[in-house]
Amino acid sequence: MSQIHKSFSIDEHYLNSLPFPAFVINQDGQASIWGKNAEQLFGFSATDIKGHTTSFIHENLLRQLSLETFKSILQSEDSTYLDKIQVYTSANEEITTALLAKPFIEQGEHLILIMLMLPELMINSVSNSRTFTDLKHGLDSTFMTVTLDQDGFILECNAEFLKTSQWTPKRVIGKTFWQLFPDNDVSEKITNNIWRNLNNCNTWQGEVEKVTKTGQSYWVLLTAIPTFNLETNEQQFILIEKDITKSKTIQHQLEKIAYIDTETGLMNAHRLEKVIASMIEEDRHFSFVYLSIDKFYTLKELHDQQINQSLIIEFTNRIKMYFQDSAMARINENDFVVITPLSEWFIQGFLSYLQQHPIYSSNIAVPISISGGITRFPEDQTTFSQLMKASIATITSVREAGGDKIVSLSKATHKALNRKALIEKRLLQALDQKNLKVLYQPQVDVYTGKITVVEALVRWEDEVMGVVSPDELIPIAEETGLINNIGSFMLERACEQALIWKKAGLHLKVAINSSVREFRDKNMAKSVLDMLAKTGCPASLIQIEITEKFALEAEAATFITQQMRKLENEGIVFVLDDFGTGYGSFRYMQILPIDTLKIDQTFTNSLLKSEKTQKLMHGMVQLGKSMELKVVAEGVETAEQADLLMTYGCDAIQGYYISKPVTPEEIETLLVK
Ligand code: C2E
Ligand code: CA
Ligand code: CA
């Protein structure tokens, strides 16, 4: 029998310390211990409940369970977990919850501990470490559990978790919450949402995709609970997880085969793609209407999962009623697409229709807001993936402007999208023909007055598009993955140039900018070292600038840190660029091999205008110094700025005051001056 750990007894005190409503029944189905949380939830006191007949609990509170199921729970020697059932209160109110039944033996009697894992009731449960241990023992063999500290670092986890996630105990400790999830936008949205909830002392529950140590995906039903450890006086979070990969995989496979979204019966994204393809082939004109429910997750927090489900179904009904014969699909949890020949004003009328026909939950109209985008075929876009991309761009801008609007792909977005597509196309060509250029911007060492480092900056002047600035180019390249090609192109040039200068007897180091996306490639360190070997450039001549955003991600991903260390060991120096613009967390400074801080130019910019900035910059220089880092100020345009920064103790200065980014030949003339 999978018994609960017996180093403690399951009594009223134990039940009351659980974050869930819980009670104990005997094999006849009668309550033997009744927790306070259960009392609150059901509205029956311990005396009420014990005074009733043996069948009372089943026939009233748990009446949704068939007699058969209930009996098997009473008899079972193993735990039973029910994902979602309805229980009923004394006022006959229906509540949806997950239920865990755990058998145990107390003084020879077979008893069953029933826990109702009801997200809303687990809010901010206070617990001391003993209760914690007790709770976790109770859950150990059925669930994966992970305890996090207030910053999201893993403090401990149970054997079930290790088994599924393939982590070893030694390696998993000190990893972060975020590292347990896949690296994509959907996941980022969900993890941020979970984290926000936990920090607001809310419990979160839902189905999420996670990844094992080796990056394999698995699905869990996750309950994340904020708790407080009275012994250490610190906030902690527990994640309780149930593996649902099997049913998820089956669901996914079925959906793929059936081309149907099982929850709503609408087409799914796979089917939609096929339908659109054939409409395009037949040259049938249509509007592609993308409707996304705003703040869907907030709604989800307010309401329980069942309401959430009925909300989606009700919303589907509204679309069906309004758009009648149009084709429609659900392509994401909260995203729908309608294919319709109807006019723009009619489509936009859907929002007032929704207001006139609100969706009710417990007799309250659920506030719901929609961000929508209309993209026309063939006028606006001509392929499925373009229609999708354009729609997402449109709804993102609608959402940024506050949401609750359906708008047509604007001329501006239209133009921007076309330009982006053109940049992508031309950039590939430019990289192929090595058509990009590199300019170098010098940095002056304030102690010697000499140029010691130059920063390589990419320049692109395209025959068709004219000058494309790095500020436009780099984000697009990051999005499309071409940043890796730019990165290796720049590195090659930097190495070649550094070597030329070295051979000419000039002591110049070359700094290149690097995007975190390049380091997501597990072979990054190797590629860099290979390039050094190929060009014959010593590692000590190369510096790599990374941004704070990069640093935050690198801090969390060991393989990035490892690659940085490997390069550092070979003699490459890392510079933290745009310092001060980031997220106010400095932990990465302890973890990453950073040698130099480069204070962002926005500070330099307002230095003479604001006393606050002066204090701030002075402070940043001192912070860097206290950590034995070199400090560089960038964007220095005047002698006054340079002088002030020198009095703060800056080691080097970069900016138009010294020189704009220039060609290698011009760098050489600057050296002579
Ligand atoms: P960054 O690394 O912060 O580079 C400094 C930018 O400020 C450069 O713009 C430079 O021309 C400009 N600048 C330098 N001194 C001054 C000054 O005194 N006043 C003013 N107003 N501006 C100054 P640029 O070259 O347009 O580059 C913009 C950004 O694009 C860079 O910011 C960097 O983040 C990115 N970038 C440029 N080249 C590359 C590259 O090869 N790879 C990657 N990943 N990013 C690059
Ligand atoms: Ca830089
Ligand atoms: Ca910078």
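In case you missed it, the structure is sitting above this.
Read on for an overview of the structure. (Residues numbered from 1 in each chain as written. Chains lettered and ligands numbered in written order. Predicted model: local features only at pLDDT ≥ 70, side-chain atom pairs only at ≥ 80, totals over all residues. Heavy atoms only, no water.)

A few points about the overall build of the chain
Helix and strand counts for the chain come out as 28 helices and 27 strands. Considering only C-alpha atoms, the chain reaches an extent of 100 × 65 × 50 Å along its principal axes. The burial tally for the chain puts 50% of its 673 residues in the buried class. Of the contacts made within the chain by residues no fewer than 6 positions apart, 62% connect residues no fewer than 24 positions apart. (Helix = DSSP H or I, 4+ residues; strand = E, 2+ residues; numbered from the N terminus. Buried < 20%, exposed > 50% of the residue type's maximum accessible area, 1.4 Å probe, protein only. Contact = heavy atoms within 4.5 Å.)

Quick notes on the packing of aromatic side chains
Under the counting rule described, the total for this entry stands at 24 aromatic pairs. Ring centres 5.2 Å apart and planes at 70° place the aromatic pair Phe-519 and Phe-550 in the edge-to-face group. Of this pair, Phe-519 sits in helix 20 (residues 516-520) while Phe-550 sits in helix 22 (residues 548-556), placing them 31 residues apart in sequence. Taken together, the ring pairs connect Phe-315, Tyr-322, Phe-323, Phe-336, Trp-345, Phe-346, Phe-350 and Tyr-353 into an aromatic cluster. The ring of Phe-181 has Lys-210 lying over it, and the distance from NZ or CZ to the ring centre is 5.7 Å. The cationic tip of Lys-660 hangs over the ring face of Tyr-656; the distance from NZ or CZ to the ring centre is 4.8 Å. (Phe/Tyr/Trp six-rings, centres within 6.5 Å; stacked < 30°, edge-to-face > 60°. Lys NZ or Arg CZ within 6 Å of the ring centre and 35° of its normal.)

Things to note about the coordination of the calcium ion (ligand 2)
Binding of the calcium ion (ligand 2) to the protein goes through Glu-455 (OE), Asn-513 (OD1), Glu-545 (OE) and Asp-577 (OD), at separations of 2.1 to 2.3 Å. In the primary sequence, the donor residues of the calcium ion (ligand 2) line up as E-x57-N-x31-E-x31-D. The distance between the calcium ion (ligand 2) and the calcium ion (ligand 3) comes to 4.1 Å, and Asp-577 binds to both of them. With Glu-455 in strand 20 (residues 451-462) and Glu-545 in strand 23 (residues 542-546), the pair connects residues that are 90 residues apart, well separated along the chain. (Donors = N, O, S within 2.8 Å, 3.2 Å for Na, K, Ca; no water.)

Looking at the coordination of the calcium ion (ligand 3)
In this structure, Asp-577 (OD), Asp-578 (OD), Glu-634 (OE) and Glu-634 (OE) serve as the protein donors to the calcium ion (ligand 3), at separations of 2.1 to 2.7 Å. When the donor residues of the calcium ion (ligand 3) are listed from N- to C-terminus, their spacing reads D-D-x55-E. Using a relative accessible area of 7% as the deciding quantity, one classes Glu-634 as buried.

What to know about the sheet that holds strand 4 (residues 94-106)
Read from one edge of the open sheet, 5 strands run 2-1-5-4-3, paired in antiparallel fashion. Edge positions in the sheet fall to strand 2 (31-34) and strand 3 (80-88), since each has one partner strand and no second. Looking at each pair of strands side by side, their axes are set apart by 30° on average, direction ignored. Pairing analysis gives 7 bridges linking strand 3 to strand 4, with the strands arranged antiparallel. Of the residues in strand 4, the one forming a bridge with Tyr-81 is Leu-100. (Pairing = 2+ DSSP bridges. Axes fitted to C-alpha atoms, helices over the stretch in contact; angles between N-to-C directions.)

A look at the pairing of strand 5 (residues 109-117)
Counting buried positions along strand 5 yields 8 of 9 residues, so the element is predominantly enclosed. Strand direction decides the pairing type here: strand 1 (residues 22-26) and strand 5, joined by 5 bridges, are antiparallel. Residue pairing for strand 5: Val-24 is matched across the bridge by Leu-113. Two strands pair when backbone bridges link them, and strand 4 and strand 5 are joined in this way by 9 bridges, in the antiparallel orientation. Within strand 5, the position partnered with Pro-103 by the bridge is Ile-112. Hairpin connection between strand 4 and strand 5: a loop of 2 residues separates the two successive antiparallel strands, and Gln-107 in this loop has a positive phi of roughly 45°.

Looking at the environment of Gln-443
Among the structural elements, Gln-443 can be located in strand 19 (residues 437-445). Residues Gln-443 and Asp-283, spaced 160 residues apart in sequence, show a C-alpha to C-alpha distance of 58 Å. Those residues within four positions of Gln-443 in sequence are excluded, and the remaining contacts are Lys-450, Ile-451, Thr-452, Val-453, Glu-545, Lys-598, Val-632, Ala-652, Ile-653 and Gln-654.

Brief notes about the packing of helix 17 (residues 411-432) against helix 18 (residues 470-480)
As a packed pair, helix 17 and helix 18 sit with axes 10 Å apart at the nearest point and diverge in direction by 80°. With respect to each other, helix 17 and helix 18 are oriented roughly perpendicular. Contacts between helix 17 and helix 18 pair Arg-419, Lys-420, Ile-423, Glu-424 and Leu-427 from the former with Glu-472, Leu-473, Ile-476, Ala-477, Glu-479 and Thr-480 from the latter. Of the residues that constitute the contact of helix 17 with helix 18, the class distribution is 5 nonpolar, 1 polar and 5 charged. (Parallel < 35°, antiparallel > 145°, perpendicular 65-115°, else oblique. Nonpolar A, V, L, I, M, F, W, Y, C, P; charged D, E, K, R; others polar.)

Details of the site of ligand 1
What surrounds ligand 1 is a group of 21 residues, the closest being Gln-441, Arg-459, Gln-601, Glu-637 and Tyr-656. In the environment of ligand 1, an oxygen atom lies 3.0 Å from a nitrogen or oxygen atom belonging to the side chain of Asp-577. Within the contact set of ligand 1, an oxygen atom lies 2.8 Å away from a backbone nitrogen or oxygen of Tyr-656. When ligand 1 sits alone it has 790 Å² of accessible area, and the protein chains cover 84% of it. For the shell around ligand 1, the secondary-structure elements that each account for two or more residues are strand 20, helix 18, helix 19 (483-503) and strand 24 (573-579). When grouped by side-chain class, the residues that make up the shell around ligand 1 number 9 nonpolar, 5 polar and 7 charged. (Near = heavy atom within 4 Å. Polar contact = N/O pair within 3.5 Å; in protein donor to acceptor, adjacent residues only side chain to side chain. Areas by Shrake-Rupley, 256 points an atom, 1.4 Å probe, with all protein chains shown as cover.)

So, unusual backbone geometry
The peptide bond linking Phe-377 to Pro-378 adopts the cis configuration, its omega dihedral lying at 5°. The residue Asp-404 is not glycine, and still its phi comes out positive at about 60°. Residue position: Asp-404 is located in the loop between helix 16 (384-400) and strand 18 (405-408). A residue is classified by how much of its surface remains accessible, and Asp-404, at 37% relative accessible area, is partly exposed. In the Ramachandran plot, Glu-628 falls in the positive-phi region, its phi being about 60° despite a non-glycine side chain. Following the sequence through the fold, Glu-628 ends up in the loop between helix 26 (611-626) and strand 26 (630-633).

Geometry only, nothing functional implied.
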